[in-house]
Amino acid sequence: MSLYTLSKLLYTLNRDDGAKARFKADAHAFTQDFVLTDEERQAIVNRDIGLLYVLGVNGQILMHFGALCGLEWSDYLQRMRDGVKDHGPVRAGIYAMTTGIDEKVAGA
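Notes on the structure follow. (Residues numbered from 1 in each chain as written. Predicted model: local features only at pLDDT ≥ 70, side-chain atom pairs only at ≥ 80, totals over all residues. Heavy atoms only, no water.)

## Quick word on the packing of aromatic side chains
Applicable threshold: Ring pairs shown here join Phe, Tyr and Trp side chains whose ring centres sit within 6.5 Å, with only the six-membered ring taken for Trp; geometry is labelled stacked below 30 degrees between planes, edge-to-face above 60, and tilted in between. Secondary structure elements follow DSSP: runs of H or I of four or more residues count as helices, runs of E of two or more count as strands, with numbering from the N terminus. Only protein chains enter the accessibility calculation, which uses a 1.4 Å probe; a residue whose area is less than 20% of its type maximum is buried, one above 50% is exposed, and one in between is partly exposed.
Under the criterion given, the structure shown has four aromatic pairs. Judged by centre distance (6.0 Å) and plane angle (85 degrees), the ring pair of F23 and F30 falls under edge-to-face. For the pair W73 and Y76, a centre-to-centre distance of 5.2 Å together with 35 degrees between the ring planes defines the contact as tilted. Of the two residues, W73 and Y76 are both situated in helix α7 (residues 73-87); the distance of three residues between them amounts to about one turn of the helix. Taking relative accessible area as the criterion, W73 reaches 51% and is therefore assigned exposed. Since its relative accessible area comes to 4%, Y76 is described here as buried. Among the aromatic residues, ring-to-ring pairing joins F23, F30, F34 and F65 into one connected group.

## Quick notes on the side chain of R41
Rule in force here: Positive residues here are Lys and Arg, negative ones are Asp and Glu, while His and the chain termini are left out of the count. Here, a salt bridge means any side-chain nitrogen of Lys or Arg that lies within 4 Å of a carboxyl oxygen of Asp or Glu. Here a polar contact is taken to be a pair of N or O atoms separated by no more than 3.5 Å, where protein atoms must pair a possible hydrogen donor with a possible acceptor and residues adjacent in sequence count only if both atoms sit in side chains. The criterion used for residue contact is that any of the two residues' heavy atoms lie within 4.5 Å.
Tracing the backbone through its elements, the reader meets R41 in helix α4 (residues 38-45). One buried charged residue, R41, forms no salt bridge at all, with the nearest opposite charge on D38 at 5.1 Å. Here the side chain of R41 touches F34 through a polar contact of 3.4 Å, landing on its backbone oxygen. Every residue in contact with R41, bar those within four places of it in the chain, is listed here: H28, T31, Q32, F34 and L36.

## Observations concerning unusual backbone geometry
The phi dihedral of R47 is positive, around 55 degrees, even though this residue is not glycine. Mapped onto the elements, R47 comes out in the loop between α4 and α5 (49-55). Classification of R47 by relative accessible area gives partly exposed; the value is 29%.

## A look at the environment of V35
For V35, the position within the fold is in the loop between α3 (27-31) and α4. On the basis of relative accessibility, which here comes to 69%, the residue V35 falls in the exposed class. Residues V35 and L9, 26 residues apart in the sequence, show an inter-C-alpha distance of 9.7 Å. Ignoring any residue separated from it by four or fewer positions in sequence, one finds V35 in contact with S2 and T5.

Here it is, written out as structure tokens:
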């Protein structure tokens, strides 16, 4: 996994208007400038906030990508929750989970 590169891609999108335009025109082509796993590339192209969160992207970077994708704050937060439910615990980064998912919370 290339969490640094994935985060760098999102950071670039957050700060560079030219990058945003290229991404909006052809997301897959934009990602070719970055060395990513297939899973990471698909998460970006599909704008899969939940999977990006589970892959370990920092929420401070990810929230700007959510805004770029047109998500409202509550939808952004729900997609992160759904990501853990759909893809399992956060795998890397500062949000990495060292325990299993609390079934009481997951089933709520």
